[in-house]
Amino acid sequence: MVKDSYQNIANGLTNDVLLAISAGLSILGCTLILTTYMCYKEIRTVSRHIVVCISISDIITTASNLSAIFISPEIDSETDEIDNISCTVQSFVGTSAVLWSFLWTMVLAMYLYLDLVKENKTLGKRLIWPWSHLICWIAPLGINMVALFLHKLGNSGDRNTAGWCWISVFVDNYGDAKLWMLVDGKGIELLTYVVIVILYSRMKLWSIRQIKIPKQNEGSHLLQRNSLDAARYTDKKIILIPILFVLLRIWGTIRFFMLLRTETLAFKGDITVFETALLYLQTIGDNLQGAINCILFCCMTPVVRKRINKSVTSMRRQRFHLYDHLDSTSDTSSRIYQPID
């Protein structure tokens, strides 16, 4: 057994380092996604537009969680209440951003399903604008405005967070706090799990059928090979997206279900090695989504990868040409001003 409290672990040096590293990687990954979208017009597809919206949400989420390192809310020993504006603001911003990310992740799953399986791009585009933008951006803000008005946002003693603020349990009864944790975060997260598992499973079956079709037909070999390669590539991307999303977010969900079994929540308490490990995994997973999306949608996407390599190669050539020009200029100057013996 490890004799320590959730807050001591969540605000300890180890967790702060894990938070800083995972958040930093996520911010870099999201920045690369946004940069490639702005620089390369040929990749500005509808699906990439959704990924950009997810990346904006992830940047705000990780930046908000990272700022929690510098927030140390003080607890009133008599009332166990926290009066810390910084913690409330961080909770509002971070919770809104993570809900944006969940909703846009569901939209991505729905769009890919409509595009690949139903082959209805028109309906998919209508799904994005204006309805997805209105719902995905405004709904989380509305939920958190209500939570803010009812004084539900604050510090929960890191029983279901890993160093950042979320739902306060010191302004009302514990059961009410659990309900708000479900409404303002975990409920939408669980819905996201269900949606992406169902839709990506359907897309997986579609991909399997696409792979089997070329084997049954003896027509154009080139067309069969192209279809087979495209289906296999789609198959890899389809299976990775939901698996990685769940693997990243599942640790906080496990902690939430463990929290539902408790009757009271206090800042002090003994936690086990397993619970400590879950907290560290949540710190990494909740803040690493941007980096994983960068790997999926930049590094594993041939068009984007080729464009990045081409840009890097061009920059290197320009630098070498500049160095050659400077060297030639230096040689010329030395010949001109060389003293005569």
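Looking at an unreviewed UniProt entry, one finds the chain named G-protein coupled receptors family 2 profile 2 domain-containing protein, with Clytia hemisphaerica as its source organism. Listed under Subcellular location (unreviewed entry) in UniProt, the entry text for the chain is "Membrane".

A. Region of interest: the nonpolar core. Within the largest apolar cluster, 48 residues are counted, with the highest numbers of intra-cluster contacts made by Ile50, Trp104, Leu108, Tyr200 and Met203. Contributing elements (two or more residues each) for this core: α2 (13-39), α3 (46-67), α4 (85-117), α5 (121-149), α6 (174-216), α7 (221-260) and α9 (289-299). If one sorts the elements of this core by residue count, α4 sits on top with 15 residues. Core analysis: the next-biggest nonpolar cluster, separate from the first, contains 12 residues, Trp166, Ile167, Tyr174 and Phe256 among them.

B. Region of interest: the pattern of salt bridges. Tallied over the entire structure, the rule returns five salt bridges. The salt bridge partner of Asp286 is Arg249, with a shortest N-O separation of 3.7 Å. Of this pair, Asp286 sits in helix α8 (residues 273-287) while Arg249 is found in helix α7, placing the two residues 37 residues apart along the sequence. With respect to class, Asp286 is no different from Arg249; both count as buried. Here the residues in one salt-bridge network are Lys186, Glu189, Arg249 and Asp286, joined through shared partners.

C. Quick peek at empty space enclosed by the protein. A complete count under the given rule lists three cavities of 30 Å³ or more for this structure. Volume-wise, the largest cavity comes out at about 240 Å³. Surrounding the largest cavity, 20 residues form its lining, Val98, Trp164, Trp166, Arg249 and Asp286 being those nearest its centre. When contributions to the lining of the largest cavity are tallied by element, the ones reaching two or more residues are α3, α4, α6 and α8. A total of six residues in the lining of the largest cavity trace back to one element, the largest contributor, which is α4.

D. Spatial organisation of the packing of α3 against α5. With their axes 11 Å apart at the nearest point, α3 and α5 run at an angle of 10° to one another. Between α3 and α5, the angle falls in the class roughly parallel. Contact residues: α3 offers Val46, His49, Ile50, Cys53 and Ser57, while α5 offers Lys125, Ile128, His133 and Trp137.

E. Quick peek at the packing of aromatic side chains. Summed over all chains, the structure comprises five aromatic pairs. With centroids separated by 6.0 Å and ring planes inclined at 75°, the aromatic side chains of Tyr193 and Phe245 adopt a geometry described as edge-to-face. Remark: Phe245 occurs in helix α7 and Tyr193 occurs in helix α6; sequence separation between them is 52 residues. The class of Phe245 is buried, set by a relative accessible area of 3%. Among the aromatic side chains, those forming a connected cluster through ring pairs are Trp100, Trp104 and Trp137. The residue whose ring lies beneath Arg44 is Tyr37, and the NZ or CZ to ring-centre distance is 6.0 Å.

Scoring rules and cut-offs
- Residues numbered from 1 in each chain as written.
- Predicted model: local features only at pLDDT ≥ 70, side-chain atom pairs only at ≥ 80, totals over all residues.
- Heavy atoms only, no water.
- UniProt positions renumbered as here; feature names shortened; annotations may be inferred.
- Core = buried A, V, L, I, M, F, W, Y, C linked by side-chain atoms within 4.5 Å.
- Buried < 20%, exposed > 50% of the residue type's maximum accessible area, 1.4 Å probe, protein only.
- Helix = DSSP H or I, 4+ residues; strand = E, 2+ residues; numbered from the N terminus.
- Salt bridge = Lys/Arg side-chain N within 4 Å of Asp/Glu carboxyl O.
- 1 Å grid on protein atoms, 1.4 Å probe; cavity = no way out; pocket = protein on both sides within 12 Å on 5 of 7 lines; lining within 4 Å.
- Points joined across faces, edges and corners; volume = space filled by probe spheres on them.
- Axes fitted to C-alpha atoms, helices over the stretch in contact; angles between N-to-C directions.
- Parallel < 35°, antiparallel > 145°, perpendicular 65-115°, else oblique.
- Contact = heavy atoms within 4.5 Å.
- Phe/Tyr/Trp six-rings, centres within 6.5 Å; stacked < 30°, edge-to-face > 60°.
- Lys NZ or Arg CZ within 6 Å of the ring centre and 35° of its normal.

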